[in-house]
Amino acid sequence: MNPLKALGGTSDILPEEARAWQQLEHQARRVFHLYGYQEIRTPLIEEAAVFTSSLGEAAEIVTKQMYFLEDRGGRGGRSAALRPEGTASVVRALIEHGLDRTAGLCRFYYLGPMFRAERPQKGRRRQFHQIGVEVFGSASPHQDVELLLLLKRLLEEWGLNGWKLRINSLGCREDRAKIVEHLRAALAPQAAKLCEDCRVRLEKNPLRILDCKEERCRELSGGMDLFEGVCAACKENFAKVTEGLERAQVPFERDPRLVRGLDYYSRTCFEVVHPGLGSQDALGGGGRYDDLVELLGGAPTPAIGFAVGLERVLMALESAGPKPPEAAALPVYVATVTAAELPNALQLAEQLRRGGIACFANLEERPLGRQMKQASSLGARFALILGPDEVKEGNVTVKEMQSGEQKKESIADAIRRVSDGG
Ligand code: AMP
């Protein structure tokens, strides 16, 4: 049998890398707490309609990338899907639990895996991880500014430099419909020159032609200023957002060609890119989706959010150079001279852990030298060695791993010393 491997576009996060992930998550949670966001956890599988109704039947994320599942244990006939993104599920949960009617302003964050059937390449995975936020119940342009301040703070907390924030507005639902019609009419005579995908997009989702990977398609739509089609109220709203960003010193660039692929966006939309990422240069993106809650059957509720891809955050951090080495991973290793001390080692380890000191106890019958090698490879600062004499006397030998110095002490003194770290 061929050796079993992780599927292409998915990967294991081994303990060494997991530390970096934990740190990102920990830093993010701290920032979210500062801004009054609470965690929400939704299932990784949903009824497919949660995504098809919100992202749009024609969105490529639905037509090309979503994993549909046979819902064996589920409600007859309804198909399930692996979540390709977080917003639709959070909106479904908001409505299901009546929070759109009862809770007023809600600020949520989520983190976890998302799934898209991509052809795997650098920065494009089939299982990847996002950290995202959603705010419900505020249409204020100041909310847009605060959300982007939070995004900036998050990127700073992670130690990312060199990123760029691009923003645009596609106006309200009515504006967007007009812009789409205008784009369709303008591009229809050129349809034959568009790539195959864009000929379909022209029919179903012409905005996507603006960020097609084919230079030719982008050129054909090149002269269009979408912002011209935005109504006066939405233009004024966008001016408040950009003024607010200037005042708050959030650096940004206006990008009149920026569109987001999903149907649900309205008004402000944005993307953060990083030069260390190569061709897939988006770290994250988001925007307003003021109509989505109502569209999915909830009370009219303005909303805004963003999602950042964690694999890409780690790639961008790596592109900036190696990280400084981390501090010792484990304070204490409990070693034994003979097999007779193994129960005492277990007991001492439990005593240490009750006192909040992390430790690794040798539980095998094997020479002390091998145990010391393991202690070093685990990064232990101290080894506490138990031999027949120590057990008889109620002592333990404390070895400082780096200097090699060792000294017999009472168990109480040894615990005090390792917990003080010196
Ligand atoms: P999107 O919802 O497509 O705007 O995605 C938001 C962010 O998630 C992107 O900016 C990426 O950082 C990340 N992302 C999206 N798709 C993938 C993927 N297939 N593999 C890795 N990261 C992704």
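It should be emphasised that the depicted structure is a prediction, and the values quoted were computed from it without experimental measurement.

Engineer: Looking at this structure, how should I read the overall build of the chain?
Structural biologist: When helices and strands are counted, the chain shows 16 helices and 16 strands. Taken along its principal axes, the extent of the C-alpha atoms in the chain is 90 × 60 × 45 Å. Out of the 422 residues belonging to the chain, those deemed buried represent 48%. Taking contacts inside the chain between residues at least 6 apart in sequence as the whole, the part at least 24 apart equals 67%. Counting only carbon and sulfur atoms, one obtains 50% of the accessible surface of the chain, whose full area is about 21,600 Å². Taken as two groups, the 57 positive and 58 negative side-chain charges of the chain have centres that lie 2 Å from each other.

Engineer: Would you mind going over the domain arrangement of the chain with me for this structure?
Structural biologist: For an interface, size is often stated in terms of accessible area lost upon the parts coming together. Taken domain by domain, the chain comprises domain 1 (15-172 + 231-320) and domain 2 (332-419). One C-alpha centre belongs to domain 1, the other to domain 2; they are set 49 Å apart.

Engineer: Is there a simple way to think about the site of the ligand in this case?
Structural biologist: Taken together, 14 residues surround the ligand, and among them Arg-116, Glu-118, Arg-125, Arg-260 and Leu-283 come closest. Take Glu-118: an N or O atom from its side chain is 2.9 Å from a nitrogen atom of the ligand. Residue Gly-284 places a main-chain N or O atom 3.2 Å away from an oxygen atom belonging to the ligand. Sorting the residues of the shell around the ligand by element identifies β6 (127-136), β10 (282-288) and β11 (303-309) as the ones contributing at least two each. For the shell around the ligand, the element with the most residues is β10, which contributes three residues. Residue classes in the shell around the ligand are distributed as four nonpolar, four polar and six charged.

Engineer: Would you mind showing me how to read a negative patch on the surface here?
Structural biologist: Taken together, the side chains of Asp-12, Glu-16, Glu-17 and Glu-318 present a region of like negative charge at the surface. Inspection of the secondary structure puts Glu-318 in helix α12 (residues 310-319). Under the relative-accessibility criterion, Glu-318 is labelled exposed at 60%.

Engineer: Looking at this structure, how should I read helix α13 (residues 342-354)?
Structural biologist: Here α13 spans 19 Å end to end across 13 residues, near enough to the 18 Å set by a 1.5 Å rise per residue. Of the surrounding elements, those touching the buried residues of α13 are β12 (330-336), β13 (359-361), β14 (380-386), β15 (395-400) and α16 (411-420). The positive-phi residue at the C-terminal boundary of α13 is Gly-356, with phi of around 85 degrees.

Engineer: Mind showing me how you'd approach helix α1 (residues 15-34) here?
Structural biologist: The periodicity of an α-helix, 3.6 residues per turn, causes residues three or four positions apart to be oriented the same way. Here α1 is 20 residues long and its end C-alpha atoms lie 29 Å apart, about the 28 Å a rise of 1.5 Å per residue gives. Residues of α1 that are buried: Trp-21, Leu-24, Gln-27, Ala-28, Val-31 and Phe-32. When α1 is viewed along its axis, its buried side chains cluster within an angular range of 140 degrees and face the same direction. Facing away from the buried side of α1, by more than 90 degrees, are the exposed residues Pro-15, Glu-16, Gln-22, His-33 and Leu-34. The secondary structure elements touched by the buried residues of α1 are β5 (106-115), β6, α6 (141-157) and α12. Gly-36 sits one or two residues past α1 and shows a positive phi near 75 degrees.

Engineer: Looking at this structure, how should I read the sheet that holds β14?
Structural biologist: Across a sheet, strands are paired by hydrogen bonds formed along the backbone, either parallel or antiparallel in direction. Spatial ordering of the open sheet is given by β13-β12-β14-β15-β16, a layout of five strands whose pairing is mixed. Only two strands of the sheet have a single neighbouring strand rather than two, namely β13 and β16 (406-410). Adjacent strand axes in the sheet meet at a mean angle of 25 degrees when their direction is disregarded. Its contacts with the sheet place helix α14 (residues 368-377) against β12, β13, β14 and β15, and it is angled at close to 170 degrees to β12.

Engineer: Honestly, the packing of aromatic side chains in this entry has me stumped. Any pointers?
Structural biologist: Centre-to-centre distance and the angle between the planes together describe a pair of aromatic rings. Under the criterion given, the structure shown has five aromatic pairs. Between the aromatic rings of Tyr-333 and Phe-360, the centroid separation amounts to 5.6 Å while the plane-to-plane angle is 10 degrees, which identifies the pairing as stacked. Of this pair, Tyr-333 sits in strand β12 while Phe-360 sits in strand β13; the two residues are 27 residues apart in sequence, bridging distant segments of the chain. When its relative accessible area of 32% is taken as the criterion, Phe-360 is described as partly exposed.

Engineer: How should I be thinking about the sheet that holds strand β4 (residues 80-82) in this particular structure?
Structural biologist: In space, the three strands of this open sheet follow the order β2-β4-β3, with antiparallel pairing throughout. Across the chains shown, the open sheet's two edge strands, defined by having one partner strand only, are β2 (45-47) and β3 (68-69). Sheet topology places β2 next to β4; three bridges connect them, and they run antiparallel. Paired with Ile-45 across the bridge in β4 is Leu-82. Packed onto the sheet, helix α2 (residues 48-55) meets β2, β3 and β4 and runs at close to 70 degrees relative to β2.

Cut-offs applied
Residues numbered from 1 in each chain as written. Predicted model: local features only at pLDDT ≥ 70, side-chain atom pairs only at ≥ 80, totals over all residues. Heavy atoms only, no water. Helix = DSSP H or I, 4+ residues; strand = E, 2+ residues; numbered from the N terminus. Buried < 20%, exposed > 50% of the residue type's maximum accessible area, 1.4 Å probe, protein only. Contact = heavy atoms within 4.5 Å. Areas by Shrake-Rupley, 256 points an atom, 1.4 Å probe, with all protein chains shown as cover. Lys, Arg positive; Asp, Glu negative; His and termini not counted. Charge placed at Lys NZ, Arg CZ, Asp CG, Glu CD. Domains from an automatic or database assignment. Near = heavy atom within 4 Å. Polar contact = N/O pair within 3.5 Å; in protein donor to acceptor, adjacent residues only side chain to side chain. Nonpolar A, V, L, I, M, F, W, Y, C, P; charged D, E, K, R; others polar. Patch = residues over 30% accessible without salt bridge, like charges linked within 9 Å, V, L, I, M, F, W, Y side chains within 5 Å. Salt bridge = Lys/Arg side-chain N within 4 Å of Asp/Glu carboxyl O. Expected span 1.5 Å × (residues − 1). Arc of directions from axis to C-beta. Pairing = 2+ DSSP bridges. Axes fitted to C-alpha atoms, helices over the stretch in contact; angles between N-to-C directions. Phe/Tyr/Trp six-rings, centres within 6.5 Å; stacked < 30°, edge-to-face > 60°.

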